[in-house]
Amino acid sequence: MTDKFDKAPAASPAGQVSVSKAATTAPENIKAIPVRHVGRWISGVVVIGLLVALGYAFSQGNIQWHAVGDKLFDSTVIAGAGRTLLISILAMVLGVILGVVLAVMRLSKNPVTSWVAWLYIWFFRGTPVYVQLLLWFNLALIFPILNIPFIYKDEMTDVMTPFMCALLGLALNEAAYMAEICRAGIQSVDEGQTEASHALGMTQAKTMRRVVLPQALRVIIPPTGNEFINMLKTSSLVYAVTYNELLRSTSQIGSTSYAVMEMLFVASIWYIVMTSVFSIGQYYLERRYARGSLRSLPLTPWQRVKANLAGFSNRPSGGVSA
């Protein structure tokens, strides 16, 4: 005969809390105490102190700050800034076009075109831009007459104007760097893309134009933006060939008004403004071309600001709960 077991729960011992009651009791909030980063505070104070000392030094210097404000929007300065933009854009366009051609020549299986492209890149990357500008400016010393039979004939001094010297000097030098950038972008495309295009009956030129180059743009665009921003600053070297761009315009005003440093500050402000504007454009252009390679695009500066503000507003006030 089997014994009958009592299925009723046994009485809990005195002072012991039941499991169900303990499970329903909410745990206390954890009081998170942030770690004190003393080094960060010290370094921040030191940097702020250095900035204050630098600002105080400039405030005590013999600088006519009102002249900076008065000449910042002077018509001569604005015209010089416009010519800086013009020569930079034209030189960059020519440099990109010639750079693509040189990159294709460099990758060609024809040894002659490949060797000529390599020689061009070797020469223009190996000599300073300033020297190249002076070579174009003094070209009339070795070629007094520009004579293209049955097409054009004129004195070299009339052909090599300051604008033409500046354009050729900047564009031909930029083409050497753009050729290497384009070559890296073309080589980043998988060879299977080219083989598949050839299997479909496409020619080499059509494959390069319709398949390779569109995919290579994702690699070519970011460094090209950096090159253009660098071109804006490098254009100041055309001062040597008497092209009246931003630096020369401000220097002429400074030499006549004896405000040399003040006008250099004016030129610096305009260069910073132009490079900052194009840097923003470069950021959004890179973001657009990154859509096919990233799962989620990086936040724009305005989106980052909104995300930080939302994080501060949603932060709990009573500590971190478990």
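This text goes with the structure placed above it.
Okay, so let's go over this structure. (Residues numbered from 1 in each chain as written. Predicted model: local features only at pLDDT ≥ 70, side-chain atom pairs only at ≥ 80, totals over all residues. Heavy atoms only, no water.)

## Quick word on the overall build of the protein
- Counting secondary structure elements, the protein contains 13 helices and two strands.
- Taken across its 322 residues, the protein has 28% of its residues classed as buried.
- Across the protein, the fraction of contacts at a sequence separation of at least 24, relative to all contacts at a separation of at least 6, is 72%.
- A total of about 22000 Å² of accessible surface is found on the protein, and carbon and sulfur atoms cover 65% of it. (Helix = DSSP H or I, 4+ residues; strand = E, 2+ residues; numbered from the N terminus. Buried < 20%, exposed > 50% of the residue type's maximum accessible area, 1.4 Å probe, protein only. Contact = heavy atoms within 4.5 Å. Areas by Shrake-Rupley, 256 points an atom, 1.4 Å probe, with all protein chains shown as cover.)

## Quick notes on helix 6 (residues 129-137)
- The complete set of buried residues in helix 6 reads Val129, Gln132 and Leu133. The buried residues of helix 6 occupy an angular sector of 100 degrees when the element is viewed end-on, so they sit on one face.
- Along its buried surface, helix 6 packs onto helix 5 (111-126), helix 8 (162-187) and helix 10 (204-234). (Arc of directions from axis to C-beta.)

## As for the packing of aromatic side chains
- Considering all chains together, one arrives at nine aromatic pairs under this definition.
- Where Tyr283 meets Tyr284, the ring centres are 5.4 Å apart and the plane angle is 85 degrees; that geometry is what we call edge-to-face.
- Grouping aromatic residues by their ring pairs yields a cluster made of Phe58, Trp65 and Phe265.
- Above the plane of the ring of Tyr239 lies Arg248, whose end atom (NZ or CZ) is 5.3 Å from the centre. (Phe/Tyr/Trp six-rings, centres within 6.5 Å; stacked < 30°, edge-to-face > 60°. Lys NZ or Arg CZ within 6 Å of the ring centre and 35° of its normal.)

## A short note on the pairing of strand 1 (residues 145-148)
- In the sheet, strand 1 pairs with strand 2 (residues 152-155) via four bridges, with the strands oriented antiparallel. Paired with Ile148 across the strands is Tyr152, a residue of strand 2.
- Between strand 1 and strand 2, which pair antiparallel and follow one another directly, the connecting turn spans three residues, one of which, Phe150, has a positive phi of 65 degrees. (Pairing = 2+ DSSP bridges.)

## Overview of the nonpolar core
- Within the largest apolar cluster, 43 residues are counted, with the highest numbers of intra-cluster contacts made by Val77, Leu170, Val238, Val241, Leu246, Val266 and Trp270.
- In terms of residue count, helix 8 provides more of this core than any other element does, nine residues in total.
- Residues within four places of Val238 in sequence aside, it is in contact with Leu133, Ala166, Leu170, Tyr243 and Glu245.
- Ala117, Ile121, Leu172 and Ala175 belong to the second largest nonpolar core, which has nine residues in total. (Core = buried A, V, L, I, M, F, W, Y, C linked by side-chain atoms within 4.5 Å.)

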